[in-house]
Structures are given as structure tokens and as C-alpha cells.
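A structural walkthrough
Letter by letter, the chains look like this.
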Amino acid sequence: MRKDKETYYYDTVFAQRLRAAMRLRDVDTEELADSVYICKNTMLKYRTGRIAPKVEMIVSICRVLDISADYLLGLTDEKRELK
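Read on for a plain summary of the structure. (Residues numbered from 1 in each chain as written. Predicted model: local features only at pLDDT ≥ 70, side-chain atom pairs only at ≥ 80, totals over all residues. Heavy atoms only, no water.)

**Quick word on the nonpolar core**
Of all hydrophobic cores here, the largest spans 19 residues; its most connected members are Leu18, Leu32, Met43, Tyr46, Ile61 and Leu65. Counting residues per element, the ones that place at least two in this core are α1 (5-25), α2 (29-35), α3 (40-48), α4 (55-65) and α5 (69-72). The element best represented in this core is α4, accounting for five residues. With near-sequence residues (within four places) excluded, leucine 18 lies in contact with Leu32, Met43, Tyr46, Arg47, Ile61, Leu65 and Leu72. (Core = buried A, V, L, I, M, F, W, Y, C linked by side-chain atoms within 4.5 Å. Buried < 20%, exposed > 50% of the residue type's maximum accessible area, 1.4 Å probe, protein only. Helix = DSSP H or I, 4+ residues; strand = E, 2+ residues; numbered from the N terminus. Contact = heavy atoms within 4.5 Å.)

Laid out in C-alpha cells, this is it:
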């Protein structure tokens, strides 16, 4: 199954920013997966852009990493942290 260009773009931006946020917070894949109650393999797929998380999962990831969903989704380039 092929992804259309728009879906591919957002998956790629999400994956890149997820990896960067994880590095910034010094959180590995297994730790983040455990924190949001999913298996490590699913988190690996989010990190590589193979699958996109549902909205509820994005919210959970943002809370754990203390970063805005707008940044993680590529809607803004500002790395605003949650307050």
C-alpha cells in the first residue's frame, strides 16, 4: 500500500521530531513505550514513520516528553514545551 505525499510528509516529520524529542529528554524507545502503555515494537514503528499514532497516543507522548503536539506534528517549528 502506497502512502500519498501528504501522509508521507507528516509521518516523516512526526518520526523525526519524535526521535529528536526523545534524545532531548534522554528517553529510549522502551522507556517511552512503557510510559504510554504500548509495546516497544509499536513505538519503533512510530519512530520510523511506518505507522502514525492515534490522537490519544500523540497526547500521551507529548505529556511524557513535555512537548507540544503542534511541534511534534510539524504544524509549527517552535519547540514550545507544555506548561
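**Section: the environment of arginine 50**
By secondary structure assignment, the location of arginine 50 is in the loop between α3 and α4. Residue class for arginine 50 comes out exposed when judged on its relative accessible area of 58%. Taking the C-alpha atoms as reference points, arginine 50 and alanine 15, 35 residues apart in sequence, are found 8.8 Å from one another.

**Some points on the side chain of threonine 29**
Structurally, the position occupied by threonine 29 is in helix α2. Side-chain polar atoms of threonine 29 contact the side chain of arginine 47, separated by 2.5 Å. (Polar contact = N/O pair within 3.5 Å; in protein donor to acceptor, adjacent residues only side chain to side chain.)

**Some remarks on α4**
Taken together, the buried positions of α4 are Met57, Ile58, Ile61, Cys62 and Leu65. Here the buried residues of α4 occupy an arc of 135 degrees about the axis, which is enough to place them on one side. In α4, the exposed positions angled more than 90 degrees off the buried face are occupied by Val55, Glu56 and Arg63. Where α4 terminates, the next one or two residues include aspartate 66, which has phi positive at roughly 55 degrees. (Arc of directions from axis to C-beta.)

**Considering the side chain of arginine 17**
Relative to the helices and strands, arginine 17 is located in helix α1. Under the relative-accessibility criterion, arginine 17 is labelled buried at 14%. A polar contact of 2.6 Å, which involves the side chain of arginine 17, links it to the side chain of aspartate 77. With near-sequence residues (within four places) excluded, arginine 17 lies in contact with Tyr71, Leu72, Gly74, Thr76 and Asp77.

**Details of unusual backbone geometry**
At aspartate 26, a position not held by glycine, the phi torsion is positive, near 55 degrees. Along the chain, aspartate 26 falls in the loop between α1 and α2. Phi at tyrosine 37 takes a positive value of approximately 60 degrees, unusual for a residue other than glycine. Within the secondary structure, tyrosine 37 sits in the loop between α2 and α3. Owing to a relative accessible area of 77%, tyrosine 37 belongs among the exposed residues under this scheme.

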